[in-house]
Amino acid sequence: MADKTVNDSVQALQPGATVGVVGGGQLGRYFVIEARRLGYHTWVLDPDENAPAMQLAEHKLVAAYDDTDALSALGQACDAVTIEFENVPAESLEHLATLCRVAPEADSIRIAQDRNVEKSVASEQGLQPVPYAALRETGDIPGAVAAVGLPAIVKTARLGYDGKGQIVCQSEADVQAAFISQGQTVCVLEKRIELVAEVSVVLARGYAGDTAVFPISQNVHVNGILSTSTVPASLDDELLDRARKLALQLAEGLDYHGVLAVEFFIDAAGQILFNEMAPRPHNSGHYTLDATVCSQFEQQLRALCALPLGSTRLLSPVCMLNLLGDVWSQGEPRWSSLFEREGAHLHLYGKAEARPGRKMGHVNCLAASSGEAIALAELMDQKLPGTQ
């Protein structure tokens, strides 16, 4: 392990150093792949010994995310540690930061863990969230509905993702029923707007304030889960440039270190409305594994290790297609239909059980244009379900 000092945040960590990740999902898996490819030693902490990243890590810590002994072992073994998902307890990262470098820092994680806080902070940094109001008790509902308008969506303030914990409401009575159905936990009421497009900006920011932004993806969600991400986006360059600047504004305002994804809604008036941030690589950035010079996961490693950030140059138009467990509902997918198609690049995450809505992998579809890439993704979506 390389020489280190506690909370050292500027020394470049070269190949041969040891890096860790808290969280063993597919995002951690790709971080481990990139770290090992570049010659770093790897540790992963996750409660599931068979989690995707645990399958590939050199050193595994099977423990809860708040297990102090396991965190201490991780921090003592590693020169630097990052996260795989944002619901790692912020207190765990604070403990790790007394032992080694940690990025992103606990403060950014706290913000991303609470939708109300996240939207408030985005507003403070000059971004415009979708109209919203906090719901902490039933007495908040009339005022929230009056402020936000209808239709609206009730979302849990914490732990909601991929459409989970989200209920569309057409009336104040619907809002009350939705709030009660969520156990009257803290929620956010968010106006349901007519979208022209959804985009995400994936960027990296280093310790010296250096930044690199990947080409912006245009996203399509189905049932609240990301279905496709396409680059280049079929949107006006000026609008995309504004989205890029807003994402950088947020990263700089937070003094953020690492890879950050910022999701925006675009309405018919051309407004760019902040949806949410993810303090980590993002599903919509998976296209970078095949279509840009440096992937978002190599960039995550570079930022963590205080190395120069990599090139985000696009090598080919691409459409990323998510593969959910539903694709396996009729048996093993027809993989032959994919392998015979030029430009279709399969990525599977090593998950043993395919369940409806569960992200099992993705296909990066590369082609001469965005339209052709989308067409290839649509073909894969049609051809893959079924049996060999």
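Each remark here, short or long, concerns the structure printed above.
In this text the structure is predicted, and so the values were computed from the model without any measurement. (Residues numbered from 1 in each chain as written. Predicted model: local features only at pLDDT ≥ 70, side-chain atom pairs only at ≥ 80, totals over all residues. Heavy atoms only, no water.)

## A closer look at empty space enclosed by the protein
Moving on, step 1. Overall, the coordinates contain two cavities of 30 Å³ or more when judged by the stated rule.
Moving on, step 2. For the largest cavity, the full set of lining residues is T82, I83, A103, P104, H257, G258, V259, P279, R280, Q300 and L304.
Moving on, step 3. Looking at the lining of the largest cavity, the elements that each hand over two or more residues are β4 (80-83), β14 (258-267) and α10 (296-304).
Moving on, step 4. Its residues assigned to classes, the lining of the largest cavity shows six nonpolar, four polar and one charged. (1 Å grid on protein atoms, 1.4 Å probe; cavity = no way out; pocket = protein on both sides within 12 Å on 5 of 7 lines; lining within 4 Å. Points joined across faces, edges and corners; volume = space filled by probe spheres on them. Helix = DSSP H or I, 4+ residues; strand = E, 2+ residues; numbered from the N terminus. Nonpolar A, V, L, I, M, F, W, Y, C, P; charged D, E, K, R; others polar.)

## As for the pairing of strand β6 (residues 132-135)
Moving on, step 1. Alternating positions in β6 separate cleanly, A133 and L135 being buried on one face and Y132 and A134 remaining unburied on the opposite face.
Moving on, step 2. Strand direction decides the pairing type here: β6 and strand β9 (residues 187-191), joined by four bridges, are antiparallel. Its bridge partner lying in β9, L135 is registered against C187. (Buried < 20%, exposed > 50% of the residue type's maximum accessible area, 1.4 Å probe, protein only. Pairing = 2+ DSSP bridges.)

## Describing the side chain of H286
Moving on, step 1. In this structure, H286 sits in the loop between β15 (272-278) and α9 (288-291).
Moving on, step 2. Under the relative-accessibility criterion, H286 is labelled buried at 1%.
Moving on, step 3. Not counting residues within four places of it along the chain, the set of residues in contact with H286 comprises L27, Q296, F297, M320, Y349, H362 and N364. (Contact = heavy atoms within 4.5 Å.)

## Thoughts on the pattern of salt bridges
Moving on, step 1. One pass over the full model with this rule turns up 15 salt bridges.
Moving on, step 2. Between R37 and E34 there is a salt bridge whose closest N-O contact spans 3.1 Å. Remark: E34 and R37 occur in helix α1 (residues 26-37); sequence separation between them is three residues, near one turn of the helix.
Moving on, step 3. In this structure E34 comes out as buried when scored by relative accessible area, which is 9%.
Moving on, step 4. In this structure, E353 and R355 form a salt bridge, with 3.4 Å as the shortest nitrogen-oxygen distance. (Salt bridge = Lys/Arg side-chain N within 4 Å of Asp/Glu carboxyl O.)

## A closer look at the packing of aromatic side chains
Moving on, step 1. With the rule as written, the count across this model stands at four aromatic pairs.
Moving on, step 2. Measuring from ring centre to ring centre gives 5.8 Å for W328 and W335, while their planes differ by 65°; the resulting arrangement is edge-to-face.
Moving on, step 3. Note on W335: relative accessible area 10%, which makes it buried.
Moving on, step 4. Members of the aromatic cluster, joined through ring pairs, are Y30, F297 and Y349.
Moving on, step 5. The positively charged end of K119 is found above the aromatic ring belonging to Y132, 5.9 Å away from the centroid. (Phe/Tyr/Trp six-rings, centres within 6.5 Å; stacked < 30°, edge-to-face > 60°. Lys NZ or Arg CZ within 6 Å of the ring centre and 35° of its normal.)

## What about the pairing of strand β2 (residues 41-46)?
Moving on, step 1. Burial of β2 is extensive: five of the six residues sit out of reach of the surface.
Moving on, step 2. The pairing of strand β1 (residues 18-22) with β2 spans five bridges and is parallel. Across the sheet, the residue bridging to G20 is W43, located in β2.
Moving on, step 3. Taken together, β1, α1 and β2 form a β-α-β motif whose crossover is right-handed.
Moving on, step 4. Here four bridges tie β2 to strand β3 (residues 59-62), and the two strands are oriented parallel to one another. When the bridges of β3 are listed, L45 appears paired with L61. (Right-handed = clockwise from strand over helix to strand, strands pointing away.)

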